[in-house]
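This is what each chain is made of:
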There are 2 protein chains.
Amino acid sequence: MCLENKRISTAVIRRLPRYYRYLGDLVSRDIQRISSKELSQRMNITASQIRQDLNIFGCFGQQGYGYNVVSLYEEIKRILGLTKTYKLIIVGMGNLGHALMNHESFSLHGYDYVGVFDKNPEIVGKQVSEFIIQDIDSLPSFLEENQADIAILAVTKSKAIDVAKFLIESGVKAIWNFTNKDLQILESEVVHIENVHLTDSLMTLSYKLNEK
Amino acid sequence: MCLENKRISTAVIRRLPRYYRYLGDLVSRDIQRISSKELSQRMNITASQIRQDLNIFGCFGQQGYGYNVVSLYEEIKRILGLTKTYKLIIVGMGNLGHALMNHESFSLHGYDYVGVFDKNPEIVGKQVSEFIIQDIDSLPSFLEENQADIAILAVTKSKAIDVAKFLIESGVKAIWNFTNKDLQILESEVVHIENVHLTDSLMTLSYKLNEK
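These remarks concern the structure in this document. Please read these numbers as outputs of a predicted model, since none were measured by experiment. (Residues numbered from 1 in each chain as written. Chains lettered and ligands numbered in written order. Predicted model: local features only at pLDDT ≥ 70, side-chain atom pairs only at ≥ 80, totals over all residues. Heavy atoms only, no water.)

**Some details on the sheet that holds strand β5 (residues 111-118) of chain A**
Here comes step 1: Spatially, the six strands line up as an open sheet ordered β8-β5-β4-β9-β10-β11 (chain A), and their pairing is parallel. The open sheet has two edge strands with one neighbour each: β8 (134-135) and β11 (192-195) of chain A.
Here comes step 2: Inspection of the sheet shows strand β10 (residues 174-177) of chain A paired to β11 of chain A by four bridges, in the parallel sense. If you follow asparagine 177 of chain A over to β11 of chain A, its bridge partner there is asparagine 195 of chain A.
Here comes step 3: Across the sheet, helix α8 (residues 198-210) of chain B lies against β4 (86-91), β5, β9 (150-153), β10 and β11 of chain A, angled at about 165° from β11 of chain A, the strand it touches most. (Pairing = 2+ DSSP bridges. Helix = DSSP H or I, 4+ residues; strand = E, 2+ residues; numbered from the N terminus. Contact = heavy atoms within 4.5 Å. Axes fitted to C-alpha atoms, helices over the stretch in contact; angles between N-to-C directions.)

Written out as structure tokens, the structure is:
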């Protein structure tokens, strides 16, 4: 049974990019079908969790035959909104801003930079790759002339709230927040915020170190 | 029923840091008990998922009374290995290495830097905070005299495998991998690797942008 518009829980959504990565790897190796058991071994998730998560894509899984890899991959791609491309700006061109700008995999998935901003007069006006660092005060006029779907917030923690508010007032609809300051309070029906919690990943590693 | 050494699935382990963050927030606000329903609303995870995940800590949840916040927080802290401290080194002192070095929350959780390394003669010998950037060739002798629990790998993608192998040969037991090159192939009984997948978080954001 295919349930086109079945509501997907946030917990499942958070796991979809991981399925997308693994399925993309299978697609690139020309693997056509995979059982929940095989996927379970590759991904280190229980087969029952996988069946439960992917149940929503019922049309691609058939008992005893496994999942149709390409169809499932394409469907997850569609759900994640990756059939479109996204324009990114970076606000805060310190070390992290520079590092994110050079990250090799964003553009592979359709995320492209269109502008970079900072407040510091010592770096405003400098060239970084194909961009000139612009003063953040010019953001509203920039947004009048250019589309920007997602703003990467890479300023210092102490400035996070003020700068995020300014971005929202300027018309930004999605903030990818690297400031280590939780900005969920600024989320609304029209403003989406995703906080990056690097320590979550570090803690998983210290768990593994202690596991005997 | 308290099951002291019940096996915890990898999927649950990956969610524990998130519970730890939210419970830490409740602890700091002196909240003593919380129901799975309330926690569900705060964390945007279904109450049944929470009950299933935290079932393993059965001793802290009591039907109708909710979870004992402090006990659950302390137990998750123990399981994640956060009652100990960890010594970190960074290998690759480009923009990302510098940004991670200045990340404000690692030390709050007991992760402290003890050394930074690079291969580039132009930056080896330079001072960064309280550290002198050391040549990566000096890592084996450094490890003979110093303990380092986790190596942060922040070199370019093309050098990821070679440098990771060198780290493992030098005695490193845990690699926190920021290179965007999957290093799972190097994992073993004694070597733990945690890959940071920033695009997973970015994809969750583009999902939210498309969700109507």
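**Points about the relation of the copies chain A and chain B**
Here comes step 1: Superposition of chain A onto chain B requires a rotation of 180° combined with a translation of 0.0 Å along the rotation axis, giving an RMSD of 0.0 Å. Here the symmetry operator amounts to a two-fold rotation axis. The position closest to the rotation axis in chain A is occupied by the C-alpha of asparagine 95 of chain A, lying 2.3 Å away.
Here comes step 2: A shared binding surface is used by both copies, with 100% of the interface residues of chain A retained as interface residues in chain B. (Least-squares fit on C-alpha atoms with pLDDT ≥ 70 in both.)

**Digging into helix α2 (residues 36-43) of chain B**
All names here are of chain B.
Here comes step 1: Taken residue by residue, α2 has Ser36, Leu39, Ser40 and Met43 as its buried positions. In a view along the axis of α2, the buried residues occupy a sector of 105°, so they form one face of it. Among the exposed residues of α2, those oriented more than 90 degrees off its buried face are Lys37 and Gln41.
Here comes step 2: Where α2 is buried, its residues touch α1 (10-28), β1 (33-34), α3 (47-54) and β3 (66-68).
Here comes step 3: Asparagine 44 lies just past α2 and shows a positive phi near 60°. (Buried < 20%, exposed > 50% of the residue type's maximum accessible area, 1.4 Å probe, protein only. Arc of directions from axis to C-beta.)

**Considering the sheet that holds strand β4 (residues 86-91) of chain B**
Residue and element names in this part refer to chain B.
Here comes step 1: If you walk across this open sheet you meet the six strands as β8-β5-β4-β9-β10-β11, and the pairing is parallel. Edge strands, defined here as strands with exactly one partner in the open sheet, are β8 (134-135) and β11 (192-195).
Here comes step 2: In this sheet, strand β9 (residues 150-153) lies alongside β4 in parallel orientation, the contact comprising four bridges. Directly across from isoleucine 89, in β9, lies its bridge partner alanine 151.
Here comes step 3: On top of the sheet, helix α7 (residues 160-169) reaches β4, β9 and β10 (174-177); it is set at about 165° to β9, its chief contact.

**Focus on the interface of chain A and chain B**
Here comes step 1: With 62 residues of chain A at the contact, the number on the chain B side is 62 residues.
Here comes step 2: With both sides pooled, the region where chain A packs onto chain B buries about 5900 Å², and carbon together with sulfur makes up 60% of that total.
Here comes step 3: Across the contact surface, chain A and chain B share six salt bridges.
Here comes step 4: We note a salt bridge from lysine 208 of chain B to glutamate 194 of chain A, for which the minimum N-O separation is 3.2 Å.
Here comes step 5: Applying the counting criterion to the chain A and chain B interface returns 22 residue pairs in polar contact (both at pLDDT 80 or more).
Here comes step 6: Only α1 (10-28), β4, α5 (95-101), β10, β11 and α8 (198-210) of chain A provide two or more residues apiece to the side of chain A that touches chain B.
Here comes step 7: When residues of the side of chain A that touches chain B are assigned to their parent elements, the largest contribution, 13 residues, is made by α8 of chain A.
Here comes step 8: Its residues assigned to classes, the side of chain A that touches chain B shows 28 nonpolar, 19 polar and 15 charged. (Buried area = accessible area lost by both parts, 1.4 Å probe. Salt bridge = Lys/Arg side-chain N within 4 Å of Asp/Glu carboxyl O. Polar contact = N/O pair within 3.5 Å; in protein donor to acceptor, adjacent residues only side chain to side chain. Nonpolar A, V, L, I, M, F, W, Y, C, P; charged D, E, K, R; others polar.)

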